[in-house]
Amino acid sequence: MEIATTRQINTESRLADIFSDYFDVLSANTPQLQEAVYRLRYQVYCLEIKFENPWQFPERKERDEFDKYSIHSLLKHSRTGSFAGTVRLILPRLEVEKCFPVHTITSHPLFLDHRQFPRSKVAEISRFAISKNFRKRLGEFASPSAASKYHGIYRDERRIIPHITLGLVAGAIKMSKEQGIQHWFCVVEHSLLRLLSKYSLHLIPVGPIVEYHGKRQPCYVHLDQFLEIAHKERPDVWELITDKGKNCP
């Protein structure tokens, strides 16, 4: 077996421990880290997937009107210092009835059901971005063969790269814990729904698919139920996304 940079990985290692060998989940709570968030989002949303027009952001930092009400997490690759992904938690505004992006995308009444989703306890997850360039720099991990010409990357590190998504979920859960958030709204691609379901992380679809830069599914999450199912079905995933239970709501 090839030797990893920090320790040798074996099949009995816990997923959370393996993940922490390669990635750090950071709160973007400084101007420098917030700038890194916006630059990464520009790279992903403007250059890679063409979600936004790059000419609207001459400073090469993608932002919108919801960022002033948001907090952010970054996923940092420990060995290179590169940022692999970012996720945003849009916090509630009690004085505004329709305060989330989902309210501009769908008129489904559930998203205004304050009995099921008390406004002070609900937030929207958005700008869930993973850098394609990061994966390419580390050796084309998205390729079917997982072949790599980058000799500094090890087989076990290639194995953990698909779990970048779980690291961003961990960031969202940590932020929610800190802010007292118990419910999420989100609007996601079906590919992300399928990927999360593979890890027993189930978003609940609401209403029909909508057209929003492609086909998207509005969803919600009750965090206690979300984590309870994960704990029952995939305790290894639950350990990773809750930091071994520290960030349970």
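Scroll up for the structure.
Residues numbered from 1 in each chain as written. Predicted model: local features only at pLDDT ≥ 70, side-chain atom pairs only at ≥ 80, totals over all residues. Heavy atoms only, no water.

**Observations concerning the nonpolar core**
Part 1 of the argument: Core analysis: the largest hydrophobic core is formed by 42 residues, its most contacted members being Trp184, Leu201, Leu203, Phe226 and Ile241.
Part 2 of the argument: It is helix H6 (residues 164–179) that contributes the most residues to this core, eight residues altogether.
Part 3 of the argument: For Phe226, the contacting residues outside a window of four places in its chain are Val169, Ile173, Trp184, Leu201, His202, Leu203 and Val221.
Part 4 of the argument: By size, the runner-up hydrophobic cluster in this structure holds 15 residues, among which are Leu110, Phe185, Val206 and Tyr220. (Core = buried A, V, L, I, M, F, W, Y, C linked by side-chain atoms within 4.5 Å. Buried < 20%, exposed > 50% of the residue type's maximum accessible area, 1.4 Å probe, protein only. Helix = DSSP H or I, 4+ residues; strand = E, 2+ residues; numbered from the N terminus. Contact = heavy atoms within 4.5 Å.)

**What about the layout of surface pockets?**
Part 1 of the argument: Empty space within the second largest pocket amounts to approximately 280 Å³.
Part 2 of the argument: The wall of the second largest pocket is formed by 14 residues, among which Phe19, Ser20, Val25, Leu240 and Asp243 lie closest to the centre.
Part 3 of the argument: Looking at the lining of the second largest pocket element by element, the count peaks at four residues for helix H1 (residues 15–22). (1 Å grid on protein atoms, 1.4 Å probe; cavity = no way out; pocket = protein on both sides within 12 Å on 5 of 7 lines; lining within 4 Å. Points joined across faces, edges and corners; volume = space filled by probe spheres on them.)

**Considering helix H7 (residues 190–198)**
Part 1 of the argument: Considered for burial, the residues of H7 that qualify are Leu192, Leu193 and Leu196. On an axial view of H7, the arc spanned by its buried residues comes to 105°, and they lie on one face. In H7, the exposed positions that point more than 90 degrees away from the buried face belong to Arg194 and Lys198.
Part 2 of the argument: After H7 finishes, the residue Ser200 shows a positive phi value of roughly 60°. (Arc of directions from axis to C-beta.)

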